[in-house]
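Structural overview
Listed below, chain by chain, are the residues.
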Amino acid sequence: MARKRVGVLALQGDFEAHARALERAGAEAVEVRTAGELDDVDGLVIPGGESSTMLKLLDQEELMEPLREFGRHKPIFGTCAGAILLAREVTNPPQASLGLMDIEVERNAYGRQLASRIARIDAPELDGGELEAVFIRAPIIRRVGSAAHVLAAYRGDPVLVEQGHHMAATFHPELSADSRVHRRFLAKMEKDAVDAGSVCLHR
Amino acid sequence: MYLDETFRLKVGLAEMLKGGVIMDVTNAEQAVIAEKAGASAVMALERVPADIRKEGGVARMAPISKIREIMKTVSIPVMAKARIGHFSEARVLEALEVDYIDESEVLTPADEEHHIDKREFKVPFVCGARNLGEALRRIAEGAAMIRTKGEAGSGNIVEAVRHIRTIVKEMKQLTVLGKEELVHEAKKLQAPLELVEWVAANGKLPVPNFSAGGIATPADVALVMQLGAEAVFVGSGIFKSSDPEARAKAIVKAATYYKDPAKLLEASEGLGMGMPGLDISQLSESELLQTRGW
């Protein structure tokens with residue numbers, strides 16, 4: 001199996017931690033800051049950070065459409081701010097998003113930094129038992145559309161969701177030593193050649 | 001010690017702020033300007049450093065009503081400054097639930113020997129440093145993020161450059177030393193051996209390393225980031241310039257595209273006048289903020 005080349009959107013946030021996590025999971029990670037750099041990668045990670053900051057830069061640098069187009073054909077994995085950007089609907093406060101996944105996400109839904117936490121969650125479809133989930137000023141997925149599938153939940157709320165070749169986590173697998181979540185994302189790049197047509201919910 | 005969950009969460013938020021700009025604001029209106037420009041966090045304080053410098057007097061933690069108003073207004077993280085050694089101000093800020101506390105030399109120190117024991121807090125702290133020894137002492141006390149001190153309120157980048165270059169150089173030097181030499185270095189740096197050994201093995205700080213103190217232009221941002229800073233704090237540089245909205249936006253862009261000269265050119269155009277600057281060599285020792293902290 002050829003080593004996958006995965007982009008990490010490096011506008012702002014913990015892109016470096018994701019690059020390290022991708023390398024640990026067996027991929028080659030490259031930083032992406034322009035539309036042209038999307039041409040050379042098999043998939044893309046949108047990291048944690050401030051979604052409002054990323055959104056400003058995506059807008060200003062005219063990256064929204066290129067990212068939506070990329071998402072039509074190739075897998076995207078968003079964590080925390082990245083999950084917010086992938087969502088169809090964002091609240092607290094409402095803001096624009098890529099709309100590539102049929103989920104509704106509430107920003108900072110647990111509260112401020114003092115409510116950040118590390119939890120152990122069940123993820124039955126990821127073999128190997130409990131998963132460590134690092135939540136930092138995390139959002140909550142308030143609604144999951146029929147096309148999306150919940151892989152893990154914490155206190156009754158979905159925290160890891162997939163839809164076609166896209167994945168979203170409200171926690172930060174890149175800050176844990178466990179590579180299972182990143183490996184699951186890499187596996188989507190293998191599958192990608194077969195089922196290129198996932199549902200696109202772009203508004 | 002450095003792997004316990006509370007510390008990981010503190011460092012985790014600092015990781016999320018990388019590649020971004022933390023802007024000093026004194027009220028909700030400025031916080032909105034900062035957020036709209038793409039700031040990844042704001043720092044609430046009573047007066048920006050340039051005004052503290054001009055007006056003198058004792059600089060304390062910002063009024064609670066101001067911090068609360070800023071926290072209510074923006075959705076990005078809100079930091080606030082406490083005086084060096086003033087653990088009681090820090091407890092108040094923690095009870096207020098700010099997202100980060102800056103134990104800052106910009107305010108008038110409350111204790112001339114001791115910094116706050118930051119390990120005792122659940123809220124994360126950032127501290128300033130001019131060299132590796134100072135950075136490691138702060139980390140040993142529990143700081144989860146380090147920033148260069150630079151010379152706040154000066155609009156002059158020279159001190160921030162000196163400090164980031166010093167820290168990076170001192171880290172590089174450790175990587176080539178043997179074990180017994182590291183013991184001697186730890187003594188010279190006045191820092192715990194455990195941390196000195198960690199830096200020697202990894203060539204970087206165990207917590208994110210940001211830059212502050214004198215940043216006034218997009219090119220200043222790109223300079224310190226190319227020298228090794230992972231994000232920047234901008235104080236007076238934005239709200240003491242002639243067009244804060246435009247400059248704030250340009251500085252955010254520079255933090256992302258710091259390696260891309262064409263994008264930096266775009267960011268540097270049409271910004272109006274930068275803040276008036278100070279020649280550091282014309283300042284007397286007592287006017288320097290960077291020498292506060294031990």
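You'll find the structure just up there.
Reference entry: report on the structure contained in this document.

Conventions used here
Residues numbered from 1 in each chain as written. Chains lettered and ligands numbered in written order. Predicted model: local features only at pLDDT ≥ 70, side-chain atom pairs only at ≥ 80, totals over all residues. Heavy atoms only, no water. Helix = DSSP H or I, 4+ residues; strand = E, 2+ residues; numbered from the N terminus. Rg over C-alpha atoms; globule rule 2.2 N^0.38 Å. Buried < 20%, exposed > 50% of the residue type's maximum accessible area, 1.4 Å probe, protein only. Contact = heavy atoms within 4.5 Å. Areas by Shrake-Rupley, 256 points an atom, 1.4 Å probe, with all protein chains shown as cover. Buried area = accessible area lost by both parts, 1.4 Å probe. Salt bridge = Lys/Arg side-chain N within 4 Å of Asp/Glu carboxyl O. Polar contact = N/O pair within 3.5 Å; in protein donor to acceptor, adjacent residues only side chain to side chain. Nonpolar A, V, L, I, M, F, W, Y, C, P; charged D, E, K, R; others polar.

Take the overall build of chain B next. Scanning chain B from N- to C-terminus turns up 13 helices and eight strands. For 294 residues, the compact-globule formula gives about 19 Å, and the C-alpha radius of gyration of chain B, at 18 Å, lands near that figure. Overall, chain B is about 55 × 45 × 40 Å in size when its C-alpha atoms are taken along their principal axes. Classification of the 294 residues of chain B by burial places 61% in the buried group. Within chain B, contacts between residues separated by at least 24 positions form 67% of all contacts whose residues are at least 6 apart in sequence. When the accessible surface of chain B is split by element, carbon and sulfur atoms take 52% of a total near 11,400 Å².

To continue, consider the interface of chain A and chain B. Many descriptions give the size of an interface as the accessible area lost when the pieces come together. With 41 residues of chain A at the contact, the number on the chain B side is 38 residues. Interface of chain A and chain B: buried area, both sides summed, is about 3,100 Å²; carbon and sulfur atoms make up 52% of it. Three residues stand out in chain A for area buried against chain B, namely Arg 112, Gln 113 and Leu 114 of chain A, and they jointly supply 24% of the buried area on that side. Our count for the chain A to chain B interface comes out at eight salt bridges. Between Arg 137 of chain A and Asp 99 of chain B there is a salt bridge, with its nearest N and O atoms 3.0 Å apart. Counting the contacts that link chain A with chain B gives 25 residue pairs in polar contact (both at pLDDT 80 or more). Among the secondary structure elements, those contributing two or more residues to the side of chain A that touches chain B are helix H1 (15-24), helix H2 (51-60), strand E7 (117-121) and strand E8 (131-135) of chain A. With five residues, H2 of chain A is the largest single contributor of residues to the side of chain A that touches chain B. Class assignment for the residues of the side of chain A that touches chain B results in 13 nonpolar, 13 polar and 15 charged.

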